[in-house]
Amino acid sequence: MIPLLEVRGIDKSFGPVKVLHKVEFAAYAGEVTALVGDNGAGKSTLVKCVGGIYPIDGGEILFDGNPVQVHGPRDAGELGIEIVYQDLALCDNLDIVQNMFLGRERKNGLLLDEDSMEELAAQTLSSLSVRTVKSIRQQVSSLSGGQRQTVAIAKAVLWNSKVVILDEPTAALGVAQTAQVLELVRRLADTGLAVVLISHNMNDVFAVSDRIAALYLGRMAAQVKTADVTHAQVVELITSGRSGDLGLKNGVTP
Amino acid sequence: MSKVKDLPGEAIVTATRSPSIGHSFVAYVERVRGGDMGALPAVLGLIVLCTVFAIARPAFVTSINFANLFTQGAAITLIAMGLVFVLLLGEIDLSAGFASGVCAAVLAVTLTSAGLPWYVCVLAAIATGVVIGTALGALVAKVGIPSFVVTLAAFLAFQGLVLVLVDEGTNISIRNSVIVAIANENLPPWLGWALYAFCVLVFAAVQLLRAAKRSRRGLTSDPMSLIAARVGALAVLAGLAVYVLNLERSRNPALVSLTGVPIVVPVILVLLVVWTLVLRRTAFGRHIYAVGGNTEAARRAGIPVDRIRISAFVICSSMAAVGGIVAASRASSVDPNTGGSSVLLYAVGAAVIGGTSLFGGKGRVLDAVLGGAVVAVIENGMGLMGYGASVKYLVTGSVLLLAAGVDALARKRAAAAGLR
């Protein structure tokens, strides 16, 4: 099976600090790939390289098996890669529909085509089985954290995206809301998207992911199937970069 | 994970049916309690002020005074309409008052010294506003100087510029009949009624068409009763206003008749409709709200934030130019004080009293009109009560502070209620 998104040997430095060392990573359509690692392991940097926010120093990005150049967020968007950032990037003073179409409004001549945007937003939300918002015309400021996360994810899905990258979507949520968001993450993958889930929370990772990729100090320690590893092994990979046969040998990618 | 589906408190409603008028009212009350007051303070303030002045000075409710209110508040209202755009971004334009003075001076100089036709002069004045706005916006957006400082500097510089334009303090009088007519002449009564009928019909048609279109698509639409109430309210209030303005208000009707809707009223109406349309129904307007609400989110959504900032300043200064033209028309002259003294604070006050937030992201063009009405009523009523400039300034200052206080408290309340 060809991964939908693959990065090969990516290097990235900020000045003298090398943040990513020859990182290999793959995400498959219809699967949730969890990207785990300690603080500073390079998770967000890797995602930002894929999203076109940081230029890469070396290595290549492959989309559907073909090498591609991602020079900016717009390039990533055109390929179908959408990133849902930790701090959400929603406008509190706009409603759900307005936020979902922000920057890509549908127009009818000069004026906005509110009705078709509202219809499409409603369709997207219901296709994700989101039923927890009273009205899609309610302001985002009146939504709970979980509902906001849902809107942010739905916004990413709206654009026929193929890869959705979620940066710590459950970090700020309560137990019930976390469950809701994880359910949504699973549904995204079930509809055929490649989902990358960045998370610190092992319970979340084991609840929804098909594969786990563990970063350790800027190196990819291991990318394994979730079914093949235990909780403890993943924690070991995160904290020391290796676990038994898995992981880095002498600090070098195997 | 299906266990989370029926959480209490997370209402699961697929609302395709239209809410009744009762629901709309309840929702409105909830919004107000949650800190989103909208136009409520301005409307309540207007009612209270009008009642107080009407009881204290019967002259306040005469038709001549009613007409005066419009011409008195017009320039400030127009400047405030422009300021709404800048305030929506969370910025401020302290130079709008003197920008209007500069543009009025350009108008006066091109009219008198250059002797150009009036429409060329009006265009020149508005073009001056565009240039001023572009410069201010570029300094704020591209160079990154805080708007407070940029426009404070411009506030001083424009005072000097007005002096230069009017030759160190002479008073340039404007005799062009078209320009003078803007703030001093009235529509014939029949045209006032025709305009009234047109406005009410268009408003009703737009509301009905939108509701019909939305319900045909299965989207929630406003209930018929709410639309009827809105249209009815507009018809009654505007009808009353046109009726009163069409009464004879000349002291000596045999000599000269004075009736009709002041020409500034349709000018303000047209600009109100145009800018509301821009703000509410175009992508540009949506982006202004987005930049004011969350600049970073707007940038990530691919919105050209700098360009939006500059455009807002351009709109603000151009509207200041329009306000300056009306002010020049009302005084039939331009002097170094045009657009000076309290004009700017009144205009900012008008926008804020109307419900536009100083923190950005919240406001409507209509706010400027409502707030402008409050400011005009205060100024006019205090004048009738025989208070001097000192008391007027004190009262208007207090009202501005009160409005800003209401804004800040509403924001706090909204934060406490989990909104925002």
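Residues numbered from 1 in each chain as written. Chains lettered and ligands numbered in written order. Predicted model: local features only at pLDDT ≥ 70, side-chain atom pairs only at ≥ 80, totals over all residues.

1. A closer look at the overall build of chain B
Helices and strands together make up the secondary structure of chain B, namely 16 helices and two strands. Radius of gyration (C-alpha) of chain B: 23 Å, near the 22 Å computed for a compact globule of 420 residues. Along the first, second and third principal axes, the C-alpha set of chain B runs to 80 × 55 × 40 Å. Put simply, 78% of the contacts in chain B that link residues at least 6 apart link residues at least 24 apart. (Helix = DSSP H or I, 4+ residues; strand = E, 2+ residues; numbered from the N terminus. Rg over C-alpha atoms; globule rule 2.2 N^0.38 Å. Contact = placed C-beta atoms within 7 Å.)

2. Quick notes on the packing of helix 3 (residues 63–88) of chain B against helix 15 (residues 365–384) of chain B
Residues and elements named next belong to chain B. Contact pair helix 3 / helix 15: the axes reach a minimum separation of 7 Å and the direction vectors enclose 135°. Relative to helix 15, helix 3 is oriented oblique. Where helix 3 crosses over helix 15, the two elements pack in a sense that is right-handed. Facing Asn65, Asn68, Leu69, Gln72, Gly73, Ile76, Thr77, Ala80, Met81 and Val84 of helix 3, the residues of helix 15 in contact are Val365, Asp367, Ala368, Val369, Gly371, Gly372, Ala373, Val375, Ala376, Val377, Glu379 and Asn380. By residue class, the composition of the contact of helix 3 with helix 15 is 12 nonpolar, eight polar and two charged. (Axes fitted to C-alpha atoms, helices over the stretch in contact; angles between N-to-C directions. Parallel < 35°, antiparallel > 145°, perpendicular 65-115°, else oblique. Left-handed = near helix turned anticlockwise from the far one by under 90°. Nonpolar A, V, L, I, M, F, W, Y, C, P; charged D, E, K, R; others polar.)

3. Describing the environment of Pro67 of chain A
Looking at where Pro67 of chain A falls in the secondary structure, it is placed in strand 5 (residues 66–68). Beyond its immediate stretch of four places on either side in the chain, Pro67 of chain A contacts Glu60 and Leu62 of chain A.

4. Topic: the interface of chain A and chain B
Counting residues at the interface gives 29 residues for chain A and 33 residues for chain B. Residue assignment for the side of chain A that touches chain B shows that the elements contributing at least two residues are strand 8 (111–112), helix 4 (114–127) and helix 6 (175–190) of chain A.

5. Quick look at unusual backbone geometry
A positive phi angle, close to 50°, is found at Glu168 of chain A, a residue other than glycine. For Glu168 of chain A, the location among the structural elements is in the loop between strand 9 (163–167) and helix 6. Owing to 20 C-beta atoms within 10 Å, Glu168 of chain A belongs among the buried residues under this scheme. Here Ser332 of chain B, not a glycine, exhibits a phi torsion of approximately 55°, which is positive. Ser332 of chain B gets classed as partly exposed once you count the C-beta atoms within 10 Å, which come to 14. (Buried ≥ 20, exposed ≤ 12 C-beta atoms within 10 Å, placed from the backbone.)

6. Examining helix 2 (residues 40–56) of chain B
All names here are of chain B. Under the 1.5 Å per step criterion, the end-to-end length of helix 2 is 24 Å for 17 residues, consistent within 8% with the ideal 24 Å. Within helix 2, burial applies to Pro41, Ala42, Gly45 and Phe53. End-on view of helix 2: buried residues confined to an arc of 90°, all on one side of the axis. Exposed and oriented more than 90 degrees from the buried face of helix 2 are Leu44, Ile47, Val48, Thr51 and Ile55. Residues of helix 2 that are buried in the fold lie against helix 14 (343–354), helix 15 and helix 16 (389–416). (Expected span 1.5 Å × (residues − 1). Arc of directions from axis to C-beta.)

7. Points about the sheet that holds strand 1 (residues 5–14) of chain A
All names here are of chain A. In space, the four strands of this open sheet follow the order 2-1-4-5, with antiparallel pairing throughout. Each end of this open sheet is capped by a strand with a single partner; those strands are strand 2 (17–27) and strand 5. Neighbour-to-neighbour, the strand axes of the sheet open up by a mean angle of 30°, direction not taken into account. For strand 1 and strand 2, the ladder comprises seven bridges, and the chain directions are antiparallel. Looking across to strand 2, one finds that Glu6 is bridged to Ala26. Contacts from helix 1 (residues 43–50) reach strand 1, strand 2 and strand 4 (58–63) within the one sheet, and its direction differs from that of strand 2 by about 65°. (Pairing = 2+ DSSP bridges.)

8. Quick notes on the pairing of strand 11 (residues 211–216) of chain A
Consecutive residues of a regular strand have side chains that alternate between opposite faces of the sheet. Residue and element names in this part refer to chain A. A large share of strand 11 lies buried, amounting to six of its six residues. Neither face of strand 11 is exposed, since Arg211, Ala213 and Leu215 on one face and Ile212, Ala214 and Tyr216 on the opposite face are all buried. Relative to strand 11, strand 3 (residues 32–37) runs parallel, the two being bridged by five bridges. Of the residues in strand 11, the one forming a bridge with Thr33 is Arg211. Between strand 11 and the antiparallel strand that follows it, strand 12 (residues 219–225), lie two residues; Leu217 among them carries a positive phi value of about 45°.

9. Some details on the domain arrangement of chain B
Residue and element names in this part refer to chain B. Domain annotation for chain B reports domain 1 (39–185 + 284–415) and domain 2 (187–261). Between the C-alpha centres of domain 1 and domain 2 the distance comes to 26 Å. Tallying the contact residues gives four residues for domain 1 and four residues for domain 2. A per-class count over the side of domain 1 that touches domain 2 returns three nonpolar, one polar and no charged. (Domains from an automatic or database assignment.)

10. What to know about the confidence of the model for chain A
Here chain A averages 86 in pLDDT, while 98% of its residues score no lower than 70. Per-element mean pLDDT across chain A ranges from 78 in strand 14 (residues 246–247) of chain A up to 93 in strand 10 (residues 194–198) of chain A. (pLDDT = per-residue confidence, 0-100.)

11. Digging into the sheet that holds strand 3 of chain A
Residues and elements named next belong to chain A. Spatial strand order, 6-9-10-3-11-12: six strands in an open sheet with mixed pairing. Strands at the two margins of the open sheet, each flanked by one partner only, are strand 6 (81–84) and strand 12. Shown here is a sheet whose adjacent strand axes are inclined to one another by a mean of 15°, direction ignored. Sheet strands touched by helix 1: strand 3, strand 6, strand 9, strand 10 and strand 11. Its angle to strand 9, the strand with the most contacts, is close to 150°.

12. A look at the environment of Pro41 of chain B
Residue and element names in this part refer to chain B. Here Pro41 shows up in helix 2. Here Pro41 falls in the buried class, since 21 other C-beta atoms lie within 10 Å of it. Along the primary structure Pro41 and Asp407 are separated by 366 residues, whereas in three dimensions their C-alpha atoms are 9.9 Å apart. Ignoring any residue separated from it by four or fewer positions in sequence, one finds Pro41 in contact with Gly355, Ala403 and Val406.

13. Description of the environment of Gly169 of chain B
All names here are of chain B. Structurally, the position occupied by Gly169 is in the loop between helix 6 (147–165) and strand 1 (172–173). Along the chain, Gly169 and Leu279 lie 110 residues apart, while their C-alpha atoms are 39 Å from each other. Not counting residues within four places of it along the chain, the set of residues in contact with Gly169 comprises Leu163 and Pro336.

14. Side note on the nonpolar core
Nonpolar side chains in soluble globular proteins generally cluster together in the buried interior. One finds Val195 and Ala214 of chain A together with Ile79, Leu83, Leu107 and Ala347 of chain B to be the most contacted residues of the largest nonpolar core, which totals 190 residues. When residues of this core are assigned to domains, at least three map to each of domain 1 (39–185 + 284–415) and domain 2 (187–261) of chain B. Apart from residues no more than four positions distant in its own chain, Ala214 of chain A is found in contact with Val36, Gly37, Ala221, Ala222, Val234, Leu237 and Ile238 of chain A. (Core = buried A, V, L, I, M, F, W, Y, C linked by C-beta atoms within 7 Å.)

15. Side note on the confidence of the model for chain B
Residue and element names in this part refer to chain B. In this model, chain B carries an average pLDDT of 86, and 94% of its residues clear a pLDDT of 70 or more. Residue range residues 1–17 is modelled with pLDDT below 50. Its contacts to residues more than four positions away, or to other chains, number 18 contacts. Across the whole predicted complex the pTM is 0.86, and at the interface the ipTM reaches 0.82.

16. Regarding the pairing of strand 3 of chain A
Residue and element names in this part refer to chain A. A large share of strand 3 lies buried, amounting to six of its six residues. Because side chains alternate across strand 3, one face comprises the buried residues Val32, Ala34 and Val36, and the other comprises Thr33, Leu35 and Gly37, equally buried. Taken together, the four bridges between strand 3 and strand 10 define a ladder with parallel strand orientation. Bridge pairing in strand 10 links Leu35 to Ile198.

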